[in-house]
Amino acid sequence: MDTQRQPRIGIPYRSAGEERDAERGHTELRPYVEAVEEAGGEAVILSLFLSSQERAKVAETLEGILLPGSSADVDPARYHQVRGPKTALADQRVEETDGALLEHAFQTAKPVLAICYGMQFLNTFRGGTLVQDIETELPAALRHRWNRGGGEAEPHHAARLEAGSILARLAGTPEAVVNSSHHQSVRESALGLRVTARAPDGVVEGLELDDPGHWVVGAQWHPERQRRRGDPGGEPGAELARALFRELVRAARARVRQPAPEMRMR
């Protein structure tokens, strides 16, 4: 077992448009890449334009998967709904890539950290459903959407963590502070995924696979942003954010067996 090699964590682009605009794409992915590298992993950026054969070949070289957020929304047809007026168009290349990576991860028990859109896609991939627009469907809910272009501060709120969950263990407390930048959320969790974090209004903030032998965690918030402001005594929630990436890399490191063939990062 090659315990010295850094575990390779695959991170697909957030949208086909961002990948076509290489400068923008790398800027948006940078926080995820930095978070993985800071935790001791090797970040491998994955193209959305690979053939199914190319994706499969690259997936074999990975020890873990990180599904990032996206400007798209999951196609409601995946959970048997009609697209609502507030639901953004789906990105077919993102869905094909994320779906293929999840299929591989579940076949091989490779660890997965799914963030924001990534968690929502994970839930629908396993058969769960979504709230298409929180403000419309849950009018009594807290404000979860962040108007990034308006110059306002990113919203934060508390999240209650389920006792015995990975999130509660990493946080060391039954409650954490999370940032908020989403307008959709999990409605019904998929079979085999348990809800392990909720906002005070009941909105689902965390999911975990109910299988102690397979590390799969969904975070509705953006730990890749929180962890950057954690020096010293920085943003609330920064310690949990960094711990999440360390745990992903730790779980991936256990799968390292031999040096992977050298792959060119796009």
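Residues numbered from 1 in each chain as written. Predicted model: local features only at pLDDT ≥ 70, side-chain atom pairs only at ≥ 80, totals over all residues. Heavy atoms only, no water.

Trainee: Report on the nonpolar core, specifying residues and quantitative values.
Mentor: Within the largest apolar cluster, 66 residues are counted, with the highest numbers of intra-cluster contacts made by Ile11, Leu66, Leu113, Trp215 and Leu244. When residues in this core are grouped by element, the largest group, 8 residues, is from helix α9 (residues 238–253). Other than its neighbours up to four places away in sequence, Leu66 contacts Ile9, Gly10, Ile11, Pro12, Tyr32, Val36, Leu113, Ile115, Phe245 and Leu248. (Core = buried A, V, L, I, M, F, W, Y, C linked by side-chain atoms within 4.5 Å. Buried < 20%, exposed > 50% of the residue type's maximum accessible area, 1.4 Å probe, protein only. Helix = DSSP H or I, 4+ residues; strand = E, 2+ residues; numbered from the N terminus. Contact = heavy atoms within 4.5 Å.)

Trainee: So what about the side chain of Ser185? Which residues, and what values?
Mentor: The topology assignment puts Ser185 in strand β8 (residues 185–186). In this structure, Ser185 is in contact with Gln120, Thr129, Leu130, Val131, Ile134, Val203 and Gln220, ignoring residues within four places of it in sequence.

Trainee: Explain α9 to me, using residue names and the numbers behind them.
Mentor: For α9, spanning 16 residues, the distance from its first C-alpha to its last is 23 Å, which sits close to the expected 22 Å at 1.5 Å a residue. The element α9 is largely enclosed, with a buried count of 12 among its 16 residues. Those residues of α9 not exposed but buried are Ala238, Leu240, Ala241, Arg242, Ala243, Leu244, Phe245, Glu247, Leu248, Val249, Ala251 and Ala252. (Expected span 1.5 Å × (residues − 1).)

Trainee: Tell me about the packing of helix α4 (residues 92–108) against helix α5 (residues 117–125), and name the residues and values.
Mentor: For the pair α4 and α5, the least separation of the axes is 11 Å and the interaxial angle reads 65 degrees. Accordingly, the angle class assigned to the pair α4 and α5 is roughly perpendicular. Of the two elements, α4 crosses α5, and the hand of that crossing is right-handed. Only Tyr117, Phe121, Leu122 and Phe125 of α5 make contact with α4, whose side of the interface consists of Val94, Glu95, Asp98, Gly99, Leu102, Glu103 and Phe106. Within the contact of α4 with α5, the residues separate by chemical class into 7 nonpolar, 1 polar and 3 charged. (Axes fitted to C-alpha atoms, helices over the stretch in contact; angles between N-to-C directions. Parallel < 35°, antiparallel > 145°, perpendicular 65-115°, else oblique. Left-handed = near helix turned anticlockwise from the far one by under 90°. Nonpolar A, V, L, I, M, F, W, Y, C, P; charged D, E, K, R; others polar.)

Trainee: If you had to explain the sheet that holds strand β7 (residues 175–179) to someone new, which residues and values would you point to?
Mentor: Spatially, the 9 strands line up as an open sheet ordered β2-β1-β3-β4-β11-β10-β9-β6-β7, and their pairing is mixed. The sheet terminates laterally at β2 (42–46) and β7, the two strands that pair on one side only. Averaged over all pairs of adjacent strands, the angle between their axes in this sheet comes to 25 degrees, without regard to strand direction. Running over the sheet, helix α2 (residues 22–38) touches β1 (8–12), β2, β3 (64–67) and β4 (112–115) and is turned about 150 degrees from β2. Running at roughly 115 degrees to β4, α5 makes contact with β3, β4, β9 (193–198), β10 (204–209) and β11 (216–219) of the sheet. (Pairing = 2+ DSSP bridges.)

Trainee: Please provide a residue-by-residue account of the pattern of salt bridges, values included.
Mentor: On inspection of all chains with the given rule, the structure shows 19 salt bridges. For Arg5, the salt bridge goes to Glu63, with nearest N and O atoms at 3.0 Å. Of this pair, Arg5 sits in the segment before β1 while Glu63 sits in the loop between α3 (52–60) and β3, and the two are 58 residues apart along the sequence. Here the two residues Arg5 and Glu63 agree in accessibility, since each one is buried. Via salt bridges that share partners, Arg14, Glu18, Arg24 and Glu28 belong to a single interconnected network. (Salt bridge = Lys/Arg side-chain N within 4 Å of Asp/Glu carboxyl O.)

Trainee: Give me the lowdown on the packing of aromatic side chains, citing residues and values where you can.
Mentor: Under the counting rule described, the total for this entry stands at 3 aromatic pairs. Ring plane angle 15 degrees and centroid distance 6.3 Å describe the contact between Phe106 and Phe125, whose orientation is recorded as stacked. Of the two residues, Phe106 is situated in helix α4 and Phe125 in helix α5; the sequence distance between them amounts to 19 residues. With relative accessibility at 29%, the residue Phe125 sits in the partly exposed group. (Phe/Tyr/Trp six-rings, centres within 6.5 Å; stacked < 30°, edge-to-face > 60°.)

Trainee: Account for the confidence of the model for the protein chain, with residues named and values stated.
Mentor: On average, residues of the protein chain score 91 in pLDDT, and 91% of them reach the 70 mark or higher. Confidence drops under pLDDT 50 across residues 230–234; counting only partners more than four residues distant or on other chains, this segment forms 4 contacts. Throughout residues 258–266 the model reports pLDDT below 50, and contacts reaching past four residues in sequence, or to other chains, amount to 19 contacts. (pLDDT = per-residue confidence, 0-100.)

Trainee: An account of the pairing of β1 is needed here, citing residue identities and associated values.
Mentor: With 5 of its 5 residues buried, β1 lies for the most part within the structure. Across the two faces of β1 the burial is the same, with Arg8, Gly10 and Pro12 and Ile9 and Ile11 all buried. Relative to β2, β1 runs parallel, the two sharing 5 bridges. Paired with Arg8 across the two strands is Glu42, which belongs to β2.

Trainee: An account of the pairing of β4 is needed here, citing residue identities and associated values.
Mentor: Both faces of β4 are covered, namely the face carrying Val112 and Ala114 and the face carrying Leu113 and Ile115. For the handedness criterion, the β-α-β arrangement of β3, α4 and β4 is classed as right-handed. With 4 bridges joining them, β4 and β11 adopt parallel strand pairing. Its bridge partner being in β11, Ile115 is matched across the sheet by Ala219. (Right-handed = clockwise from strand over helix to strand, strands pointing away.)

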